[in-house]
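Inside the fold
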Amino acid sequence: MSEKREDYINWDEYFIGVAKLSARRSKDPNTQVGACIVSEDNKILSMGYNGFPRGCSDEDFPWGKEFELTDPYNAKYLYSTHSELNAILNYRGGSLEGSKIYVTLFPCNECAKAIIQAGIKTIIYEEDKYASSPSVRASKRMLNAAGVRYYEYQPSGRKIEITV
Ligand SMILES: Nc1ccn([C@H]2C[C@H](O)[C@@H](COP(=O)(O)O)O2)c(=O)n1
Ligand SMILES: [Zn+2]
């Protein structure tokens, strides 16, 4: 057999697949988010998922969201680091200028600030379930002003199975 394979995955399938796999590491019971940062020439630079900072135990800190308004101290939001920020902070190689980020959920306003300041130029997102929230609206406002391009990943429908 001398012909090359034709059913190999394309770059977008590869990187959104890596982001989705990364999300599987999250302990958040409600929303698991994964991110994968890629250079302009398609090299993976970093990955991340949402979780508590180092030293903040997954057993001791709260994973619930139900107290968000009545008792924010005991809801996850004050503690969880978002996947995009973790991916940026996990990078040990220097500059992320000109890179792309693949993420399973549209970045919030705080992650948008970090993305802009890190020099990431393109966001490819899978889902935008909080599009109407002030956080995501503010995020888009900043990304538009800063010239960061973003577009929704177009699913190919290909099923990729991995046995581990
Ligand atoms: N772009 C995003 C948005 C959210 N997250 C994290 C933050 C929380 O751990 C979770 C959202 O929880 P929910 O309010 O849906 O129960 O997802 C992120 O990492 N990146
Ligand atoms: Zn965020």
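Residues numbered from 1 in each chain as written. Chains lettered and ligands numbered in written order. Predicted model: local features only at pLDDT ≥ 70, side-chain atom pairs only at ≥ 80, totals over all residues. Heavy atoms only, no water.

Just so we agree on the cut-off: UniProt positions are given in the numbering used here, feature names are shortened, and annotations may be inferred rather than shown by experiment.
Under an unreviewed UniProt entry, the name given to the protein chain is dCMP deaminase family protein, and the source organism is Lachnoanaerobaculum gingivalis. Under the UniProt heading Sequence similarities (unreviewed entry), the note attached to the protein chain is "Belongs to the cytidine and deoxycytidylate deaminase family."

**Remarks on the site of ligand 1**
Threshold: In these notes, residues near a molecule or strand are those with any non-hydrogen atom within 4 Å of it. Here a polar contact is taken to be a pair of N or O atoms separated by no more than 3.5 Å, where protein atoms must pair a possible hydrogen donor with a possible acceptor and residues adjacent in sequence count only if both atoms sit in side chains. Areas reported as accessible are Shrake-Rupley estimates using a 1.4 Å probe. Residue values count occlusion only from the protein chains shown. Each residue receives one of three labels: charged for Asp, Glu, Lys and Arg, nonpolar for Ala, Val, Leu, Ile, Met, Phe, Trp, Tyr, Cys and Pro, and polar for the others, Gly being one of them.
In the vicinity of ligand 1 lie 18 residues, with T31, K76, Y77, E84 and Y130 positioned nearest. Y77 is positioned with one of its side-chain polar atoms (N or O) 2.4 Å from an oxygen atom of ligand 1. Residue F106 places a main-chain N or O atom 3.0 Å away from a nitrogen atom belonging to ligand 1. Protein burial of ligand 1: of its 470 Å² of free accessible surface, 95% is covered by the chains. Within the shell around ligand 1, the residues separate by chemical class into seven nonpolar, six polar and five charged.

**Notes on helix α1 (residues 11-23)**
Keep this limit in mind: Put simply, DSSP marks the helices as runs of H or I at least four residues long and the strands as runs of E at least two long, and each gets a number from the N terminus on. To estimate how far a helix should extend, the number of its residues minus one is multiplied by 1.5 Å. Per-residue accessibility, obtained with a 1.4 Å probe over protein chains only, is compared with the maximum for each type, and a residue is labelled buried under 20%, exposed over 50%, and partly exposed between these values. Residues are treated as being in contact if the distance between any of their heavy atoms lies within 4.5 Å.
With 13 residues, α1 ought to run about 18 Å at 1.5 Å a step, and its terminal C-alpha atoms sit 18 Å apart, in line with that. Within the sequence span of α1, burial applies to E13, F15, I16, V18, A19, S22 and A23. Check the buried side of α1 and you find it contacts β1 (34-38), β2 (44-49), β3 (100-105) and β4 (122-127). If you check the start of α1, you find a side-chain oxygen 3.1 Å away from the backbone N of D12, and it comes from N10.

**A few points about the sheet that holds strand β5 (residues 149-152)**
Each strand in a sheet pairs with its neighbour through backbone hydrogen bonds, running either in the same direction (parallel) or in the opposite one (antiparallel). Put simply, the rule reads: In this description, strands pair whenever DSSP reports at least two bridges between them. Every axis in this analysis is a line fitted to C-alpha atoms, fitted for helices over the stretch in contact. Angles between the N-to-C directions lie between 0 and 180 degrees.
Ordered in space as β2-β1-β3-β4-β5, the five strands form an open sheet in which the pairing is mixed. A strand with exactly one partner marks an edge of an open sheet, and here the two such strands are β2 and β5. On average, each strand axis in the sheet is tilted by 15° relative to the strand beside it, whichever way the strands run. Relative to β2, helix α2 (residues 83-90) is tilted by about 140°, and along the sheet it contacts β1, β2 and β3.

**Things to note about the nonpolar core**
For the record, the criterion: The definition of a nonpolar core used throughout is a set of buried Ala, Val, Leu, Ile, Met, Phe, Trp, Tyr and Cys residues joined through side-chain atoms within 4.5 Å.
Formed by 21 residues in total, the largest nonpolar core has its most connected members in I37, I88, L96, I101, I115, I120 and I123. Breaking this core down by element, the ones donating at least two residues are β1, α2, β3, α3 (109-118), β4 and α4 (134-146). Top contributing element to this core by residue count: α3, with four residues. Not counting residues within four places of it along the chain, the set of residues in contact with I123 comprises I101, V103, P107, I115, L143, V148, R149, Y150 and Y151.

**Concerning the coordination of the zinc ion (ligand 2)**
Definition in use: Any nitrogen, oxygen or sulfur atom within 2.8 Å of a metal ion counts as a donor, with the limit raised to 3.2 Å for Na, K and Ca, and since water is left out, coordination shells can look unfinished.
Within the protein, the atoms that donate to the zinc ion (ligand 2) are H82 (ND1), C108 (SG) and C111 (SG), at distances of 2.0 to 2.3 Å. Counting the intervening residues between successive donors of the zinc ion (ligand 2) yields the motif H-x25-C-x2-C. What makes C108 buried here is its relative accessible area of 12%. Using a relative accessible area of 3% as the deciding quantity, one classes C111 as buried.

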